[in-house]
Amino acid sequence: MQKTKLGVSVGVLGAAMYFLGFFSGMTAAVILGGYILLMEENAWLKKTAIKAVAVWVLFAFFSAVLGLLPDAIGFIGSILNIFGGNFYIDIVSNIIYMLKDGLDLVRTLLFLLLGLKALNQGTVKVPVIDKLVDKCME
């Protein structure tokens, strides 16, 4: 079992990277990822750090894109409210919120699976992210 400079196994630090990204938010994951990229030498661990941040950013991007339509509807409603009007489309907002809940469920499952697989220095294939990480690590 290979150890890091911190004295913990590489798999545990990789799992911590995924779990920090999921449970603690982006700040802690970026700090740990920065440490890994600057101080550690294990290639799998560096790929894991990049992949954890990339997966987090991907889900944040999709969540933001999904939130654009309800935000636009709310903005139009606010403008019309100034003039005494009202505008709100329940069905669109409800569908978007359902999709965001589904996205959160997929994100939760993916981060848990990635973290558990990382304990044994394994991974779960995420094709788009894996291609990006491989391209960055060349």
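Criteria and thresholds
- Residues numbered from 1 in each chain as written.
- Predicted model: local features only at pLDDT ≥ 70, side-chain atom pairs only at ≥ 80, totals over all residues.
- Heavy atoms only, no water.
- Helix = DSSP H or I, 4+ residues; strand = E, 2+ residues; numbered from the N terminus.
- Rg over C-alpha atoms; globule rule 2.2 N^0.38 Å.
- Buried < 20%, exposed > 50% of the residue type's maximum accessible area, 1.4 Å probe, protein only.
- Contact = heavy atoms within 4.5 Å.
- Areas by Shrake-Rupley, 256 points an atom, 1.4 Å probe, with all protein chains shown as cover.
- Expected span 1.5 Å × (residues − 1).
- Axes fitted to C-alpha atoms, helices over the stretch in contact; angles between N-to-C directions.
- Parallel < 35°, antiparallel > 145°, perpendicular 65-115°, else oblique.
- Nonpolar A, V, L, I, M, F, W, Y, C, P; charged D, E, K, R; others polar.
- Salt bridge = Lys/Arg side-chain N within 4 Å of Asp/Glu carboxyl O.

Undergrad: Explain the overall build of the chain here, please?
TA: Looking only at helices and strands, one finds 5 helices and 0 strands in the chain. In the chain, the order of α-helices and β-strands from amino to carboxyl end is α-α-α-α-α. Scaling as 2.2 N^0.38, a compact globule of 138 residues should have a C-alpha radius of gyration of about 14 Å, whereas the chain reaches 19 Å, well beyond that. Projecting the C-alpha coordinates of the chain onto the three principal axes gives extents of approximately 65 × 25 × 25 Å. Counting only residues that meet the buried cut, the chain has 33% of its 138 residues in that class. A sequence separation of at least 24 residues applies to 67% of the contacts in the chain between residues at least 6 apart. Looking at the chain as shown, the accessible area adds up to about 8,500 Å², and 69% of this sits on carbon and sulfur atoms.

Undergrad: Any chance you could explain helix H1 (residues 10–24) here in plain terms?
TA: Every α-helix winds through 3.6 residues per turn, so residues three or four apart in the chain are directed the same way. A rise of 1.5 Å per residue sets the reference length of H1, with its 15 residues, at 21 Å; its end C-alpha atoms lie 20 Å apart and thus fit the reference within 8%. Looking only at H1, the buried set comprises Val10, Gly11, Leu13, Gly14, Ala15, Met17, Tyr18, Gly21 and Phe22. Contact partners of the buried residues in H1: helix H2 (26–39), helix H3 (43–82) and helix H4 (90–118). Just past H1, the residue glycine 25 takes up positive phi, approximately 95°.

Undergrad: Where do I start with the packing of H1 against H3 in this structure?
TA: When two helices pack together, you describe them by how their axes are tilted relative to each other and by the distance separating the axes. At a minimum axis distance of 9 Å, the contact between H1 and H3 shows a crossing angle of 10°. By the angle between their directions, the pair H1 and H3 is classed as roughly parallel. For the pair H1 and H3, contact is made by Val10, Gly11, Leu13, Gly14, Met17, Tyr18 and Gly21 and by Trp44, Leu45, Thr48, Ala49, Lys51, Ala52, Val53 and Trp56, respectively. Of the residues assigned to the contact of H1 with H3, the class counts are 10 nonpolar, 4 polar and 1 charged.

Undergrad: Is there a simple way to explain unusual backbone geometry in this structure?
TA: Both trends apply: most residues other than glycine have a negative phi, and most peptide bonds are in trans. Phi is positive for glutamine 121, which is not a glycine, with a value near 60°. Tracing the backbone through its elements, the reader meets glutamine 121 in the loop between H4 and helix H5 (127–137). Residue classification places glutamine 121 among the partly exposed positions, given a relative accessible area of 35%.

Undergrad: Would you mind going over the pattern of salt bridges with me for this structure?
TA: Pairs can form between side chains of opposite charge once their charged atoms are near each other. Scanning the model with the defined rule gives 4 salt bridges in all. Here arginine 107 ties to aspartate 104 by a salt bridge, and the two come within 3.9 Å at their closest N and O atoms. With arginine 107 and aspartate 104 both in helix H4 and 3 residues apart, the pair spans about one turn of that helix. Relative accessible area serves as the criterion here: at 22%, arginine 107 is assigned to the partly exposed category. Under the relative-accessibility criterion, aspartate 104 is labelled partly exposed at 34%.

Any functional reading would require information beyond the geometric quantities listed.
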